[in-house]
Amino acid sequence: MLLTSQGSTQTAQPSEAATPPVEQPAYAALAAKYFSESMADRLSFENFEISELRWVHGLKGWSWLACVHFVDRGHLRTYALFIQNNAVIDARYAVQIDSCGSQSYTPFDVVTGVLGRPTAPRQPALY
């Protein structure tokens, strides 16, 4: 018998089996909070965009998945944020199974968490 072991990372598995909660969390604000607390160099990132939430099942159970695009030193990066009970419970660079590449994105302000408004660009020193 061949056994496979799943790693400790969360994989996004959409399903019709579980009904998502009626109320969605304020995911853009949660994403902004997560990036401000966990990424010291986030101010060097640009052009933040976030996908709408999807209800997925992974190793930590049912959770909301939001994908975030941003530009890091000229390279487009995609991050997957898993949300339960109004908190980001897991986050990582997105993998193919997250289906982040097929989502549509909306700009958001990574400082305030406001959807539809890009983060103001950093101003270089005037002197």
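Residues numbered from 1 in each chain as written. Predicted model: local features only at pLDDT ≥ 70, side-chain atom pairs only at ≥ 80, totals over all residues. Heavy atoms only, no water.

## Quick word on the state of the cysteines
One covalent bond between the sulfur atoms of two cysteine residues makes up a disulfide. Following the criterion strictly, the structure yields 1 disulfide and no others. Two residues share a disulfide in this structure: cysteine 67 and cysteine 100, whose sulfurs sit 2.0 Å from each other. Its S-S torsion of about -70° marks the bond between cysteine 67 and cysteine 100 as left-handed, since a negative value means left-handed. Taken together, the positions of cysteine 67 in strand E4 (residues 61–72) and cysteine 100 in the loop between strand E6 (87–93) and strand E7 (105–107) put the pair 33 residues apart, joining distant regions of the chain. In this pair, the class of cysteine 67 matches that of cysteine 100, namely buried. (Disulfide = S-S within 2.5 Å. Helix = DSSP H or I, 4+ residues; strand = E, 2+ residues; numbered from the N terminus. Buried < 20%, exposed > 50% of the residue type's maximum accessible area, 1.4 Å probe, protein only.)

## Comments concerning the environment of aspartate 72
Summarising the element assignment, aspartate 72 is placed in strand E4. Side-chain polar atoms of aspartate 72 contact the side chain of arginine 73, separated by 2.6 Å. (Polar contact = N/O pair within 3.5 Å; in protein donor to acceptor, adjacent residues only side chain to side chain.)

## Some words on the packing of aromatic side chains
Tallied over the full model, the rule gives 12 aromatic pairs. Considering the side-chain rings of phenylalanine 48 and phenylalanine 108, the 6.0 Å spacing of their centres and the 80° angle between planes classify their relative orientation as edge-to-face. Note that phenylalanine 48 is positioned in strand E2 (residues 45–51) and phenylalanine 108 in the segment after E7, a separation of 60 residues in sequence. For the pair phenylalanine 48 and phenylalanine 108, a shared accessibility class is recorded, and that class is buried. In textbook terms, an aromatic cluster arises when at least three aromatic residues are bridged by ring pairs, as seen for Tyr34, Phe35, Phe45, Phe48, Phe70, Tyr79, Tyr93 and Phe108. (Phe/Tyr/Trp six-rings, centres within 6.5 Å; stacked < 30°, edge-to-face > 60°.)

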